Amino acid sequence: MVIARTIEALQAAKEEFKGTVGFVPTMGALHQGHLSLIQQARRENEHLIVSVFVNPTQFLEGEDLDAYPRKEEADIKICELAGVDILFMPSIDVMYEEDELCIGAPAVRGYVLEGEKRPGHFDGMLQVVMKLLNLSGANRAYFGKKDAQQLALITQMVKNYFMDVNIVPCEIVRDDKGLALSSRNAYLSSAEKERALCLSRSLKHATKMVMSGELQAAKIKKEMLEVLKIADSVEYVAIVNREFKAIEKVEIGNTIILVAAWVGKPRLIDNLWI
Ligand code: PAF
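Residues numbered from 1 in each chain as written. Predicted model: local features only at pLDDT ≥ 70, side-chain atom pairs only at ≥ 80, totals over all residues. Heavy atoms only, no water.

**Quick notes on the overall build of the protein chain**
Right, on to step 1. Along its length, the protein chain carries 9 helices and 9 strands.
Right, on to step 2. At 19 Å, the protein chain has a C-alpha radius of gyration in line with the 19 Å of a compact globule built from 274 residues.
Right, on to step 3. Considered along the principal axes of its C-alpha atoms, the protein chain spans approximately 55 × 40 × 40 Å.
Right, on to step 4. Each of the 274 residues in the protein chain was classed as buried or not, and the buried ones make up 52%.
Right, on to step 5. Of the contacts formed within the protein chain by residues at least 6 apart in sequence, a portion of 72% connects residues at least 24 apart.
Right, on to step 6. Carbon and sulfur atoms make up 52% of the accessible area of the protein chain, which amounts to about 13,400 Å² in all.
Right, on to step 7. Taking the average place of the 33 positive charges on the side chains of the protein chain and the average place of its 38 negative ones, the gap between the two points comes to 8 Å. (Helix = DSSP H or I, 4+ residues; strand = E, 2+ residues; numbered from the N terminus. Rg over C-alpha atoms; globule rule 2.2 N^0.38 Å. Buried < 20%, exposed > 50% of the residue type's maximum accessible area, 1.4 Å probe, protein only. Contact = heavy atoms within 4.5 Å. Areas by Shrake-Rupley, 256 points an atom, 1.4 Å probe, with all protein chains shown as cover. Lys, Arg positive; Asp, Glu negative; His and termini not counted. Charge placed at Lys NZ, Arg CZ, Asp CG, Glu CD.)

**Side note on helix H6 (residues 121-136)**
Right, on to step 1. With 16 residues, H6 extends 22 Å from end C-alpha to end C-alpha; this agrees with the ideal 22 Å at 1.5 Å per step.
Right, on to step 2. Gly137 sits one or two positions beyond H6 and adopts a positive phi of about 60°. (Expected span 1.5 Å × (residues − 1).)

**Side note on the site of the ligand**
Right, on to step 1. Close to the ligand lie Pro25, Thr26, Met27, Asn55, Gln58, Met125, Val128, Val129, Phe143, Asp147 and Gln150.
Right, on to step 2. Side-chain polar atom of Gln58 to an oxygen atom of the ligand: 2.7 Å apart, as the coordinates give it.
Right, on to step 3. Gln150 has a polar side-chain atom sitting 2.7 Å from an oxygen atom of the ligand.
Right, on to step 4. When the ligand sits alone it has 290 Å² of accessible area, and the protein chains cover 88% of it.
Right, on to step 5. Counting only elements with at least two residues in the shell around the ligand, the list comes to strand S2 (21-26) and H6.
Right, on to step 6. Here the residues of the shell around the ligand are counted per class, giving 6 nonpolar, 4 polar and 1 charged. (Near = heavy atom within 4 Å. Polar contact = N/O pair within 3.5 Å; in protein donor to acceptor, adjacent residues only side chain to side chain. Nonpolar A, V, L, I, M, F, W, Y, C, P; charged D, E, K, R; others polar.)

**A short note on the sheet that holds S2**
Sheet strands associate in pairs through backbone hydrogen bonding, adopting either a parallel or an antiparallel arrangement.
Right, on to step 1. Strand order in the open sheet formed by 6 strands is S1-S4-S3-S2-S5-S6, and the pairing between neighbours is parallel. Strand pairing shows two members of the sheet lacking a second neighbour, strand S1 (2-4) and strand S6 (166-170), which therefore form its edges. Across the sheet, the axes of successive neighbouring strands diverge by a mean angle of 25°, strand direction being ignored.
Right, on to step 2. Two elements, S2 and strand S3 (residues 47-52), share 6 bridges in a ladder whose sense is parallel. Opposite Val21, over in S3, you have His47 as the bridge partner.
Right, on to step 3. Relative to the sheet, helix H1 (residues 7-14) contacts S1, S3 and strand S4 (86-88), its axis offset from that of S4 by approximately 165°.
Right, on to step 4. Lying over the sheet, helix H7 (residues 148-160) contacts strand S5 (140-144) and S6, oriented at roughly 165° with respect to S6. (Pairing = 2+ DSSP bridges. Axes fitted to C-alpha atoms, helices over the stretch in contact; angles between N-to-C directions.)

**What about the environment of Glu63?**
Right, on to step 1. Topologically, Glu63 is positioned in the loop between S3 and helix H3 (72-81).
Right, on to step 2. For Glu63, the contacting residues outside a window of four places in its chain are Gln58 and Arg118.
Right, on to step 3. Separated by 2.7 Å, the side chains of Glu63 and Arg118 make a polar contact.

**Overview of the state of the cysteines**
Right, on to step 1. Here the structure, examined in full by the defined rule, presents 0 disulfides.
Right, on to step 2. There is no disulfide at Cys79, and the cysteine sulfur nearest it, in Cys170, is 15 Å away.
Right, on to step 3. Residue classification places Cys79 among the buried positions, given a relative accessible area of 0%.
Right, on to step 4. We classify Cys170 as buried; its relative accessible area is 3%. (Disulfide = S-S within 2.5 Å.)

**Observations regarding the environment of Leu272**
Right, on to step 1. Among the secondary structure elements, Leu272 is positioned in strand S9 (residues 267-273).
Right, on to step 2. Separated by 261 residues in the primary sequence, Leu272 and Gln11 have C-alpha atoms spaced 38 Å apart.
Right, on to step 3. The contacts of Leu272, once residues within four sequence positions are left out, are Leu203, Thr207, Thr255, Ile256 and Ile257.

**A few points about the packing of helix H8 (residues 190-211) against helix H9 (residues 217-227)**
Right, on to step 1. Packing of H8 against H9 brings their axes to within 9 Å, and their N-to-C directions diverge by 145°. Seen from above, H8 lies across H9 with right-handed handedness. When H8 is examined against H9, the residues Cys198, Arg201, Ser202, Leu203, His205, Ala206, Met209 and Val210 are found in contact with a partner set consisting of Lys219, Ile220, Glu223, Met224 and Val227.
Right, on to step 2. Partitioning the contact of H8 with H9 into residue classes produces 8 nonpolar, 2 polar and 3 charged. (Left-handed = near helix turned anticlockwise from the far one by under 90°.)

**Observations concerning the side chain of Thr255**
Right, on to step 1. Along the chain, the position of Thr255 falls in strand S8 (residues 255-262).
Right, on to step 2. Among all residues touching Thr255, those that are not within four sequence positions of it are Ile239, Val240, Asn241, Arg242, Ile247, Val250, Leu272, Trp273 and Ile274.

**Things to note about the nonpolar core**
Right, on to step 1. One finds Met95, Leu126, Val129, Leu133, Met157 and Ile167 to be the most contacted residues of the largest nonpolar core, which totals 34 residues.
Right, on to step 2. Take this core: its biggest share by element is 9 residues, from H6.
Right, on to step 3. The contacts of Ile167, once residues within four sequence positions are left out, are Leu133, Ala141, Phe143, Leu151, Ile154, Thr155 and Val158.
Right, on to step 4. In terms of nonpolar packing, the next biggest core, distinct from the first, is built from 25 residues, Leu188, Met209, Ala217 and Leu228 among them. (Core = buried A, V, L, I, M, F, W, Y, C linked by side-chain atoms within 4.5 Å.)

Here it is in C-alpha cells:
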C-alpha cells in the first residue's frame, strides 16, 4: 500500500493503475462502517483509493474539529489489511489555499434538516468531496446511507457538474444492539451508549407502524418522539421523500425517516429508507 501525503505522490501512485478505480473518502477513525464501504469498493474495482482527511471547512465554529477522533496508525493498519492500494492522507495545506473558490449547497435541499442545524456544513463537505473525487479520478465512489442528506447532495453535485463518477450508496452498519456505527460513538460512555439506542429503536418503531398500515407522518413522528424521550435532546424527527421534501404520508419505496439527537457529548444521527 502506498501512503500518499501530497498530490504529487498520489498522482505518481495512480500511474500504476490500469483498470477501474474505487474510492472511499473518510475522515479517519475507521470503524466497521467504513470497513464495509472499503470491502465493497475492493470487491467491485480493480484498484482502490481511501482518503483520510479531517476536513476543517465542514465543521462550524464551536463544533468538534479539534476533538474529532484521530487514529492515524490504526487507520493505516486497517487499510493495509483491507487491501487498499493508495491511502491518501493530505494535510490542510495540501488541500486548501487561502481565498478559495467555493461551491455552495443548493438553497432548498442543502438548508433543511442537517443543513438548517449546521448552516455551512454542506458547503464545506461538497467543496472537499469535489476536490477528492477529482483527485482520485475514481470510476466509483462509496458513501454510507447513514449520512443520507450528504449522499443526496453529493449525488446532485455529480449530476449538476457533469462529473464522470458513479456514486454508490452503501447500507448503514450497526452494532449488535442496533446502534448505527459512527466515529463520534467514541465519545459515548457505556451508559450513554445504552441510551443512544433510542435512535434506532425509534426507527424500528416507525417501521412497525408502517408495516401495520400507519402511513400518516404526524402520527409516526409523535410516537417516535416518545421513544426518543431518553435522549438529552432531540433536534429533529423528519419524514421526507428521496428529494428531501417533507411529506405528510409515507410513500413506500420513496421515503426516508431521519432522526438527530444529542446523547451525552455527541450529536447522533440515524435514518431508515422505506
Ligand atoms: O462522511 C464523511 O466522513 C465526510 O463528510 C466526507 C465525505 C469524508 C467528507 O469530508
